[in-house]
Protein chains: 4
Amino acid sequence: MIIVMQLGAPQEQIEAVAETLRARGIEPLILPGEDRCAIGIPASLSSDQRYDLEAMLGAMEGVSKVTQTSHPYKLASREFNREDTVVRVRDVQIGGGTFVVMGGPCSVESMEQFRASAEIVKNSGATILRGGAFKPRTSPYSFQGLAEEGLKIMKQVSDETGLVTISEVMSGDMVPLVAKYIDILQIGARSMQNFPLLIEAGRSGKPVFLKRGPSAPIDEFLLAAEYVLSQGNPNVILCERGIVPLDRTYTRNTLDLAAVPVLKEYTHLPVIVDPSHGTGVARYVAPMAKAAMVAGADGLMIETHPNPKEALSDGSQALTTDKFTKLMDELRSLAGFLGKKMS
Amino acid sequence: MIIVMQLGAPQEQIEAVAETLRARGIEPLILPGEDRCAIGIPASLSSDQRYDLEAMLGAMEGVSKVTQTSHPYKLASREFNREDTVVRVRDVQIGGGTFVVMGGPCSVESMEQFRASAEIVKNSGATILRGGAFKPRTSPYSFQGLAEEGLKIMKQVSDETGLVTISEVMSGDMVPLVAKYIDILQIGARSMQNFPLLIEAGRSGKPVFLKRGPSAPIDEFLLAAEYVLSQGNPNVILCERGIVPLDRTYTRNTLDLAAVPVLKEYTHLPVIVDPSHGTGVARYVAPMAKAAMVAGADGLMIETHPNPKEALSDGSQALTTDKFTKLMDELRSLAGFLGKKMS
Amino acid sequence: MIIVMQLGAPQEQIEAVAETLRARGIEPLILPGEDRCAIGIPASLSSDQRYDLEAMLGAMEGVSKVTQTSHPYKLASREFNREDTVVRVRDVQIGGGTFVVMGGPCSVESMEQFRASAEIVKNSGATILRGGAFKPRTSPYSFQGLAEEGLKIMKQVSDETGLVTISEVMSGDMVPLVAKYIDILQIGARSMQNFPLLIEAGRSGKPVFLKRGPSAPIDEFLLAAEYVLSQGNPNVILCERGIVPLDRTYTRNTLDLAAVPVLKEYTHLPVIVDPSHGTGVARYVAPMAKAAMVAGADGLMIETHPNPKEALSDGSQALTTDKFTKLMDELRSLAGFLGKKMS
Amino acid sequence: MIIVMQLGAPQEQIEAVAETLRARGIEPLILPGEDRCAIGIPASLSSDQRYDLEAMLGAMEGVSKVTQTSHPYKLASREFNREDTVVRVRDVQIGGGTFVVMGGPCSVESMEQFRASAEIVKNSGATILRGGAFKPRTSPYSFQGLAEEGLKIMKQVSDETGLVTISEVMSGDMVPLVAKYIDILQIGARSMQNFPLLIEAGRSGKPVFLKRGPSAPIDEFLLAAEYVLSQGNPNVILCERGIVPLDRTYTRNTLDLAAVPVLKEYTHLPVIVDPSHGTGVARYVAPMAKAAMVAGADGLMIETHPNPKEALSDGSQALTTDKFTKLMDELRSLAGFLGKKMS
């Protein structure tokens, strides 16, 4: 941590900062600098100390800014764990060099619709089946999902097909219910900083699929993962799904694909890309899906629906059976070229 | 609703859209237009119908875009309720022409600290006391609040001083606990789209103070309010607290003050401004607080701490006792000039 | 400047950075730190050195980031000039405690229209007359302005009324032409980083009114001012006019009003707010104009048009004669209350 | 164009809008709608008419919003020209199915440095050589380029190697000078709405390489292209180079790769991606370059420097000789897999 003083901060203000540090057993290193003084903290601090100190020092007179010299996350960091985390669910592996595709409809609407979706997914060669039973909808008047009935449908279809399932959980108290039926707990973009949910998901021991919030910088995304990891649950999967767009005329979000190599550098956790929400437009899903694979993603989450025109939610971004199957073929071929193994 | 077709969309695609509408009992109005066809829906639709139709039509071939001609919120809209909503808590009135100030520390840290804060607030003439018992912190390693112990402290200090209290609730299952001790339930910016929480807060019957999410357009903000209102709870208070900034060098967020006149035009709900989070810097709080009053806000939420340097959270944005008291004096004087009544 | 090394950067990489500095006569201060090493540069560097060093060091192996501990602008900085800059044009004073209003239409359309506009401005008590002769329009098919003919109209109306004039110049080679007729050169938001223009405007010796670019952080805004100042022209006036909005449904831009106290702290230059472009909606201009005064702005630029419905550009944001006159009355009254002098 | 009236707009306001249209020879189509009236314009309008009408109608009482039902650009639109535009410079082809790479240093620093750069570019198999002679630098104290001396170096190296050259031109009056030495005129991101420059570049007849502004929505980007095209110059090449980022901790901009399929759908112009500026970090250039090819881009602009550590500008994002050569090999191999021809 480095504390930069204001230009011309008098000696007593510099001394006050130094004293505050010494009172906590930290020996400051004073750098009389350039055109202002800076104070370095060479000692190793715990995360708690760093946060408390940052707030406190930032409020002191004469202090211009407090700069962290290391990242705020720890368990999520590549420095903490050099090896790629591999999340294993039955025979499916996420991360660690294989490439996984999660497909399925936005919402579970009925046994028939979901079975048909599962068939598309399975026949195409994908291994994870997504579906929403509880839907976070912007409007209270939109379709909100089938709730537990939807989870039961997912469980049964999973039993029939052998596909691993993933579904969103929207609050901490619903974690046990969802965990009873579903393999992977999804935390949606709007819930990325729902801290009670992150903690409960962490405690569940189930793999957690964490979507990046639409205005979350990378550091906040990894700190949200840290919440789950700090509960002793190492099975966190990250998902880039688009950030706030410049305008909403052509796409619903801005897919931040460079976040893939950034995340692969700074964290050991698997990184999945969701081009369906990331663009919001079915015909941009295929090019962005392939681009994500090439950029180094560990997999994709893609919406598909046997009949997008009749989907009760997000129909405009779901792929038809034909388009999803074609995309899976192209991804397999591209994976072959790149020497990647499809999960 | 207006459906704009792609340029050169063939007659059968136009007809397919028209048929889809007629099948639902809606007579479309076809506008052969400019350089493309548009299809108007003159009938009055329920919100449910609108949302479902938008998704479905947007996925049809030949459709370029579906434009809503009315706003997606209803109960929150000024058109639904021309009169300003006034929220009353004991003898304090929020909205309807008076101006209210909510002051207090970011976190409840101890009985001593909170009593001292309450004294500042009360002596300065403010009427609502804020404090955080459950803190949504970006890092799992930061101070997370005193939990129920903090609520009890707030309740006792409220009893001693007569101040109305407000405190954040972070999940739906915690609503009863917080509602037991606290007068106004605060829903934080990160929870603006925590729909189970919105619904529980709505059901509690308590006044709900809803902060705008950092990347929420006005429509999404008002739809979040709609979730609470649609539970039969009319006592919703809106709060602008800053949106995602262009850069974070000088302020933590961008305070969107023009949202005040926009909201006052489109909704009947009271609008409060939080310049403490909105800027993140104590010395910008006073100018933005006064600007908010002039721009038409119904009140302010301001962080104050008896000793910001020792605050366990957000110390850099809290006002000292002196500065808070001075600001309250200036606000009272400005209110007098503007002919506003301080609550 | 502080160079933070990557975690576990080996001694030879640290030494390579140190050597690079010593080769330039700079003695580095090595801080063995926390969980990584940092290297401080205590010597005073010229701006040139800082920029070159930052690029070079940032590219070295083992370097995690290079943090500047002082701001990149110098002549524009409050630290360079503690006294407020006051720009004087004839008997009008901008900055230094007075409050100035610049009014007029977006475009000069004809002698009649512009004379009528000038009358509104003069009668209302404003002292500076704005008008566009060269219009930067997003579409090549929109009205582009009357060019030199427009400048001549402005000059003549200025002679008739005594009003100081301001008009936009769009390229360096047009500076002499505009400077021949107009008192203050306006550099538009889209031209904020048109460096040849900034340099020519600087050389002209005329006061320069510099609008903030829609995606410009404060540092880039002040560096653009630095371009003008570094030509020996001290008469720079800054203008906040709205930044990229979250969405465009209700306002055209997000007016960043907190930039006013930020700029007043970090620079000595006068700060004007343009609520017409800042919101893009005539009925939000008055509340934001008054808020800007309260927030500490040195003045306003406001669009007014004798007949907004017939305006050839930006009609939806221009105030009618009545509304402009009423706003001027309110501003005068508010200035009286605040103890500010209207220019 | 569709004009949506405010809820409950009285009949006379609706009639006033209709009259305004009829006075211009346009027969309005009134849609008594849902919960408010809309007015459609079925006639075909010229672009001029549309813009003027939009401003005028938007300012009328009772009007809630004016929606364009077609895009504002015309010559740039795919609807205007179904065939891909192919720009040909000597034997190099840009667009139309081939893939082109433009490589070279940010700045031309000396004959030696530029010759060495050209050698890297040529040996690696790239065909276009970039270099900056006039550098738009954020700070007036940074290296500004060698000016005409730099252009002469570029011309000579082009003559020696046969490589096509591209270099930035910063103002309209410099177009003839740059056009004298250089094959393709680059218009930088900061100049995207420098309209006098767009017009002069259009008139020059030279191919124009137009970079997207950091806060430009797609419509504004294509309208900037329209400025060039409307001068009778069909040879416009578009470049996505990153938009304003959420934060600047890990990348300098957010590369909007989904803009590639969006642009390929809505315009016939070639689309190039610049991952060097788009990320600002050398080690993210290769993954994003390959992702851009897969996403459908027509080519890349990549910074390379024989010795990035000594680069006078943007050293941190330039690839070393080895890394550039390796990337070119990978691109060629990927192009082979995708069935694309490298130019």
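For clarity, every value in this text was computed on a predicted model and none was experimentally measured. (Residues numbered from 1 in each chain as written. Chains lettered and ligands numbered in written order. Predicted model: local features only at pLDDT ≥ 70, side-chain atom pairs only at ≥ 80, totals over all residues. Heavy atoms only, no water.)

Asker: Please provide a residue-by-residue account of the sheet that holds strand 3 (residues 38–40) of chain D, values included.
Answerer: Residue and element names in this part refer to chain D. One open sheet holds the four strands; their spatial order is 2-3-1-4, and the pairing between them is antiparallel. Two strands lie at the open edges of the sheet, namely strand 2 (29–31) and strand 4 (63–67), each paired on one side alone. Across the sheet, the axes of successive neighbouring strands diverge by a mean angle of 20°, strand direction being ignored. In this structure, strand 2 lies alongside strand 3, joined through three bridges in antiparallel fashion. Within strand 3, the position partnered with Ile30 by the bridge is Ile39. (Pairing = 2+ DSSP bridges. Helix = DSSP H or I, 4+ residues; strand = E, 2+ residues; numbered from the N terminus. Axes fitted to C-alpha atoms, helices over the stretch in contact; angles between N-to-C directions.)

Asker: Outline unusual backbone geometry, listing residues and values.
Answerer: Residues and elements named next belong to chain B. Of note in this structure, Arg90 is not a glycine but carries a positive phi near 45°. Checked against the element boundaries, Arg90 lands in the loop between strand 5 (87–89) and strand 6 (92–94). Notably, Ala147 is not glycine yet its phi reads approximately 60°, a positive angle. On the secondary structure map, Ala147 appears in the loop between strand 8 (128–130) and helix 4 (148–161). For Ala147, a relative accessible area of 27% puts it in the partly exposed group. (Buried < 20%, exposed > 50% of the residue type's maximum accessible area, 1.4 Å probe, protein only.)

Asker: I'd like a rundown of the interface of chain B and chain A, residues and numbers included.
Answerer: Contacts between chain B and chain A engage 41 residues on the former and 42 residues on the latter. Taken together, the two surfaces of chain B and chain A that pack against each other cover about 3800 Å², and 59% of this comes from carbon and sulfur. Where chain B packs against chain A, one counts zero salt bridges. In this structure, the connection of chain B to chain A is made through eight residue pairs in polar contact (both at pLDDT 80 or more). Where the side of chain B that touches chain A is concerned, the elements lending two or more residues are helix 2 (47–58), helix 6 (195–204) and helix 7 (218–229) of chain B. Sort the elements by how many residues they give to the side of chain B that touches chain A and helix 2 of chain B lands first, with seven residues. Looking at the side of chain B that touches chain A, its residues break down into 19 nonpolar, 13 polar and nine charged. (Contact = heavy atoms within 4.5 Å. Buried area = accessible area lost by both parts, 1.4 Å probe. Salt bridge = Lys/Arg side-chain N within 4 Å of Asp/Glu carboxyl O. Polar contact = N/O pair within 3.5 Å; in protein donor to acceptor, adjacent residues only side chain to side chain. Nonpolar A, V, L, I, M, F, W, Y, C, P; charged D, E, K, R; others polar.)

Asker: Could you give an account of the pairing of strand 11 (residues 208–211) of chain D, naming the residues involved and the relevant values?
Answerer: Residue and element names in this part refer to chain D. Burial along strand 11 is two-sided: the face carrying Val208 and Leu210 and the face carrying Phe209 and Lys211 are both buried. The pairing of strand 10 (residues 184–187) with strand 11 spans three bridges and is classified as parallel. Residue pairing for strand 11: Leu185 is matched across the bridge by Val208. As for the winding sense of the linkage, the β-α-β connection from strand 10 through helix 6 (residues 195–204) to strand 11 is right-handed. Following the backbone out of strand 11, through helix 7 (residues 218–229) and into the adjacent parallel strand 12 (residues 236–240), one traces a crossover that is right-handed. (Right-handed = clockwise from strand over helix to strand, strands pointing away.)

Asker: Tell me about the packing of aromatic side chains, and please be specific about residues and values.
Answerer: Applying the stated criterion to the full structure yields ten aromatic pairs over all chains. Aromatic side chains Tyr250 of chain A and Tyr266 of chain D sit 4.8 Å apart centroid to centroid with 70° between the ring planes, which places their arrangement in the edge-to-face category. Highlighted residues: Tyr250 of chain A in the loop between strand 12 (236–240) and helix 8 (259–266) and Tyr266 of chain D in helix 8 (residues 259–266), drawn from two different chains. Its relative accessible area of 6% is what places Tyr250 of chain A among the buried residues. For Tyr266 of chain D, a relative accessible area of 17% gives the class buried. (Phe/Tyr/Trp six-rings, centres within 6.5 Å; stacked < 30°, edge-to-face > 60°.)

Asker: Provide a residue-level description of the pattern of salt bridges, including the pertinent values.
Answerer: Applying the stated criterion across every chain, the model contains 68 salt bridges over all chains. With a shortest N-O distance of 3.9 Å, Glu303 of chain C and Arg130 of chain C are connected by a salt bridge. Placement of the pair is Glu303 of chain C in strand 14 (residues 299–303) and Arg130 of chain C in strand 8 (residues 128–130), with a sequence separation of 173 residues. Residues joined by salt bridges that share partners form a network here, namely Glu15, Glu19, Arg22 and Glu27 of chain A.

Asker: Any details on helix 11 (residues 321–338) of chain A? Residues and values, ideally.
Answerer: All names here are of chain A. Relative to the 26 Å expected for 18 residues at 1.5 Å per residue, helix 11 spans 25 Å between its end C-alpha atoms, a close match to the ideal helical length. Here helix 11 has its buried residues at Phe324, Leu327, Met328, Leu331, Leu334 and Ala335. Projected onto a plane normal to the axis of helix 11, the buried residues spread over an arc of 130° and lie on a single side. Turned more than 90 degrees away from the buried face of helix 11 sit Asp322, Lys326 and Gly336, all of them exposed. One or two steps after helix 11, the chain reaches Gly339, where phi turns positive at roughly 75°. (Expected span 1.5 Å × (residues − 1). Arc of directions from axis to C-beta.)

Asker: Hey, could you go over the domain arrangement of chain A for me, with residue numbers and the actual values?
Answerer: Structurally, chain A comprises domain 1 (2–67) and domain 2 (87–342). The gap between the C-alpha centroids of domain 1 of chain A and domain 2 of chain A is 43 Å. (Domains from an automatic or database assignment.)

Asker: Outline the pairing of strand 14 of chain C, supporting the account with residue identities and numerical values.
Answerer: Residues and elements named next belong to chain C. Here strand 14 lies mainly inside the structure; five of its five residues are buried. Of the two faces of strand 14, the one carrying Gly299, Met301 and Glu303 and the one carrying Leu300 and Ile302 are both buried. Pairing of strand 7 (residues 98–104) with strand 14 involves five bridges; the strand directions are parallel. For Met102, the partnering residue across the bridge sits in strand 14 and is Met301. Pairing geometry for strand 13 (residues 271–273) and strand 14, over two bridges, is parallel. Bridging across to strand 14, Ile272 finds its partner in Gly299.

Asker: Before we move on, could you go through the environment of Lys323 of chain A and cite the residues and values that matter?
Answerer: Residue position: Lys323 of chain A is located in helix 11. For the pair Lys323 of chain A and Thr304 of chain A, spaced 19 residues apart in sequence, the C-alpha to C-alpha distance is 8.7 Å.

Asker: Kindly report on the environment of Gln68 of chain C, identifying the contributing residues and their values.
Answerer: When you line up the elements, Gln68 of chain C lands in the loop between strand 4 (63–67) and strand 5 (87–89). Take Gln68 of chain C: its relative accessible area is 16%, and that puts it in the buried class. Along the chain, Gln68 of chain C and Ile3 of chain C lie 65 residues apart, while their C-alpha atoms are 8.8 Å from each other. Once you skip the residues sitting within four places of it in the chain, Gln68 of chain C turns out to touch Lys65 of chain A together with Met1, Arg50 and Glu54 of chain C.

Asker: So what about a nonpolar patch on the surface? Which residues, and what values?
Answerer: A cluster of nonpolar residues, Phe337 and Leu338 of chain A together with Phe337 and Leu338 of chain D, forms a patch on the protein surface that exposes about 280 Å² of accessible area. Elements supplying a minimum of two residues to the nonpolar patch: helix 11 of chain A together with helix 11 (321–338) of chain D. What makes Phe337 of chain D partly exposed here is its relative accessible area of 31%. (Patch = residues over 30% accessible without salt bridge, like charges linked within 9 Å, V, L, I, M, F, W, Y side chains within 5 Å. Areas by Shrake-Rupley, 256 points an atom, 1.4 Å probe, with all protein chains shown as cover.)

Asker: Quick rundown of the state of the cysteines? Include the residues and the values.
Answerer: Disulfides are covalent bonds that connect the sulfur atoms of two cysteines. All names here are of chain C. Evaluated as defined, the whole model comprises zero disulfides over all chains. Lacking any disulfide linkage, Cys106 is separated from the closest cysteine sulfur, that of Cys239, by 13 Å. Judged by relative accessible area, Cys106 falls into the buried class, the value being 5%. (Disulfide = S-S within 2.5 Å.)

Asker: Can you explain the packing of helix 10 (residues 282–295) of chain D against helix 11 of chain D? Please cite residues and give values.
Answerer: Residue and element names in this part refer to chain D. Across the interface, helix 10 lies against helix 11 with an axial gap of 10 Å and an inter-helix angle of 20°. In terms of axis orientation, helix 10 runs roughly parallel to helix 11. Note on packing geometry: the crossing formed by helix 10 with helix 11 is right-handed. Across the interface between the two elements, Val285, Ala286, Ala289, Lys290, Met293 and Val294 from helix 10 touch Leu327, Glu330, Leu331, Leu334, Ala335 and Leu338 from helix 11. Residues of the contact of helix 10 with helix 11, tallied by class, amount to ten nonpolar, no polar and two charged. (Parallel < 35°, antiparallel > 145°, perpendicular 65-115°, else oblique. Left-handed = near helix turned anticlockwise from the far one by under 90°.)

Asker: Let's hear about the side chain of Glu109 of chain D: which residues, and what values?
Answerer: Residues and elements named next belong to chain D. Inspection of the secondary structure assignment puts Glu109 in the loop between strand 7 (98–104) and helix 3 (111–124). Although Glu109 lies buried, it forms no salt bridge, and the closest oppositely charged side chain, Arg137, sits 8.3 Å away as judged by the N-O distance. Here His305 takes part through its side chain, which lies 3.3 Å from a polar atom of the side chain of Glu109. (Lys, Arg positive; Asp, Glu negative; His and termini not counted.)

Asker: Give me the relation of the copies chain B and chain A: which residues, what numbers.
Answerer: Of the two same-sequence chains, chain B is brought onto chain A (RMSD 0.0 Å, axial shift 0.0 Å) by a rotation of 180°. Interpreted geometrically, this transformation is the action of a two-fold axis. When each C-alpha of chain B is compared by its distance to the rotation axis, Ser215 of chain B comes out closest, at 3.0 Å. (Least-squares fit on C-alpha atoms with pLDDT ≥ 70 in both.)

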